[in-house]
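An overview of the molecular structure
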Amino acid sequence: MWYARAFFCWSALPCLFLAVGAFAEDEPPTLHLAPDRVKQGGMAVVRIAGAAAAGMARLRVGGREIPLASSTTGETRVAWIGVDLEQPPGPLEVVFESTMRAGRPASARAALLVLDGAYPVQRLSVPRSFTDLDAPTLERIAREKTVLDRLWETVTPGRFWNGPFRAPLEPPARGSGFGLKRIINGEPRAPHTGIDFSVPSGTPVLASNAALVALAEDHFFGGKSLVLDHGEGLYTMYFHLREWLVRPGQRVAGGEPIGRVGRTGRATGPHLHWGVRLHRARIDPDDLLRLTAE
Ligand SMILES: [Zn+2]
């Protein structure tokens, strides 16, 4: 950096002074968000320039710590931010803190504006037997939720994925239904946190990118469920499968068959439910496809 400054120097003495100053003090970090406005359930990339930290470096979004990605380009560090589907609209503070080479603390701030996703409301009427669940079933649901919540908390160091994510079907199809606010028999229920693909039973399901198979279990809601860990807190999930073609602990490549479409669990017909979690946040899979393609 000081070479550029030295170019403008008029004498040798100030040049030396500037050079020493630049070496001792570093440039303070700056944040760049792309995009800087994100709908509920969307994603953004933050690039942190001048982030050559001597020691501690951390990023917080809305008060929650977000892991910095291992990929760095020179002095620039990168992190992926996921805005949860139910994050209230408004500004979300992004704060980077680090220690400069000279040992001084440095920080940078930016605001990510969360926009209302304006997701449509879906009203459904189902037989009461569908919603009135007995105690053992409720216990089972709670147990399975704990398993998944623990998984979303787990940040595997390093990144398995590379290049753009792809839709989990061939030819790539378009799913729908992310964010639907569901009202079942007049009662508000959890929103729909993935996209659904209506395809015949038995259709091969493909890994949307390289990953480690984190979970293959039969759950009450998701039926035969598969979760892929792409590293650094990013997960994709595949529900209602007829069968699994991979096992937990196995590494898979992007586009590799991992299961077959079915209608297991709570499904009214054969379809694939595809969901994304990033640092716990429930993300629109279409945003993952779009952002990683850029
Ligand atoms: Zn679904």
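Note: the structure precedes this text.
Residues numbered from 1 in each chain as written. Predicted model: local features only at pLDDT ≥ 70, side-chain atom pairs only at ≥ 80, totals over all residues. Heavy atoms only, no water.

Of regular secondary structure, the protein chain possesses five helices and 21 strands. Within the span of the protein chain, comprising 294 residues, buried residues form 45% of the whole. Sequence separation of at least 24 residues holds for 68% of the intrachain contacts in the protein chain that already meet a minimum separation of 6. As presented, the protein chain carries roughly 15100 Å² of accessible surface, and 57% of it is formed by carbon and sulfur atoms. (Helix = DSSP H or I, 4+ residues; strand = E, 2+ residues; numbered from the N terminus. Buried < 20%, exposed > 50% of the residue type's maximum accessible area, 1.4 Å probe, protein only. Contact = heavy atoms within 4.5 Å. Areas by Shrake-Rupley, 256 points an atom, 1.4 Å probe, with all protein chains shown as cover.)

For the rest of this paragraph, the subject is the packing of aromatic side chains. By convention here, two paired aromatic rings are described through the distance between centres and the angle between planes. Scanning all chains against the criterion turns up six aromatic pairs. Relative to Trp274, the ring of Phe197 has its centre 6.3 Å away and its plane inclined at 40°; by these criteria the two rings are tilted. With Phe197 in strand 13 (residues 194-197) and Trp274 in strand 20 (residues 272-278), the pair connects residues that are 77 residues apart, well separated along the chain. Residue Trp274 is classed as buried on the basis of its relative accessible area of 0%. Geometrically, the ring pair formed by Phe220 and Phe221 is edge-to-face, given 5.1 Å between the ring centres and 80° between the ring planes. By relative accessible area, Phe221 is classed as partly exposed at 43%. Here the aromatic residues Trp80, Trp161 and Phe165 are joined through ring pairs into a cluster of three or more. We note Arg159 situated over the ring of Trp161; from NZ or CZ to the ring centre the distance is 3.7 Å. Lys224 extends its terminal NZ or CZ atom over the ring of Trp244, reaching a point 5.3 Å from the ring centre. (Phe/Tyr/Trp six-rings, centres within 6.5 Å; stacked < 30°, edge-to-face > 60°. Lys NZ or Arg CZ within 6 Å of the ring centre and 35° of its normal.)

Spatially, three strands are ordered 10-11-12 in an open sheet, and the strand pairing comes out mixed. Sheet topology places strand 10 (121-124) and strand 12 (187-188) at the edges, where each strand pairs with a single neighbour. Sheet topology note: the strand 10/strand 11 (residues 181-184) ladder contains four bridges and is parallel. Bridge pairing in strand 11 places Val121 opposite Lys181. (Pairing = 2+ DSSP bridges.)

Moving on, we get to the side chain of Asp287. With respect to the helices and strands, the residue Asp287 is situated in helix 5 (residues 285-293). In terms of polar contacts, Asp287 uses its side chain to reach the backbone amide nitrogen of Met43, at 2.9 Å. (Polar contact = N/O pair within 3.5 Å; in protein donor to acceptor, adjacent residues only side chain to side chain.)

Our focus in this paragraph is the coordination of the zinc ion. Protein-derived coordination of the zinc ion comes from His192 (NE2), Asp196 (OD) and His273 (ND1), at a distance range of 2.1 Å. Judged by relative accessible area, which is 25%, Asp196 ranks as partly exposed. (Donors = N, O, S within 2.8 Å, 3.2 Å for Na, K, Ca; no water.)

A pair can form between side chains of opposite charge whenever their charged atoms are brought close. One pass over the full model with this rule turns up 18 salt bridges. For Asp286, the salt bridge identified is with Arg174, shortest N-O distance 3.4 Å. In this pair, Asp286 is assigned in helix 5 and Arg174 in the loop between helix 4 (135-153) and strand 11, connecting sequence segments 112 residues apart. Residue classification places Asp286 among the partly exposed residues on the basis of a relative accessible area of 21%. With a relative accessible area of 70%, Arg174 lands in the exposed category. (Salt bridge = Lys/Arg side-chain N within 4 Å of Asp/Glu carboxyl O.)

Another aspect to go through is the nonpolar core. Trp80, Leu226, Leu228, Tyr238, Val252, Ile258 and Leu272 are the most contacted members of the largest nonpolar core, which totals 36 residues. Sort the elements by how many residues they give to this core and strand 20 lands first, with four residues. For this core, the two domains that each supply at least three residues are domain 1 (28-115) and domain 2 (121-293). With residues near it in sequence (within four places) discarded, Leu272 still touches Pro168, Leu169, Ile195, Asp196, Phe197, Val205, Tyr238, Phe239, Leu241 and Val261. Counting residues in each nonpolar core, the second largest holds 20 residues, with Ile66, Ala108, Ala110 and Val114 among its members. (Core = buried A, V, L, I, M, F, W, Y, C linked by side-chain atoms within 4.5 Å. Domains from an automatic or database assignment.)

What follows deals with the sheet that holds strand 2 (residues 37-39). With mixed pairing, five strands are arranged side by side in an open sheet as 2-9-8-4-5. In the strand order of this sheet, the two ends are held by strand 2 and strand 5 (64-66), each with one partner. With strand direction ignored, the average angle separating the axes of adjacent strands in the sheet is 30°. (Axes fitted to C-alpha atoms, helices over the stretch in contact; angles between N-to-C directions.)

With respect to the helices and strands, Leu272 occurs in strand 20. Here the alpha-carbon distance between Leu272 and Pro200, two residues 72 residues apart in the chain, equals 9.4 Å.

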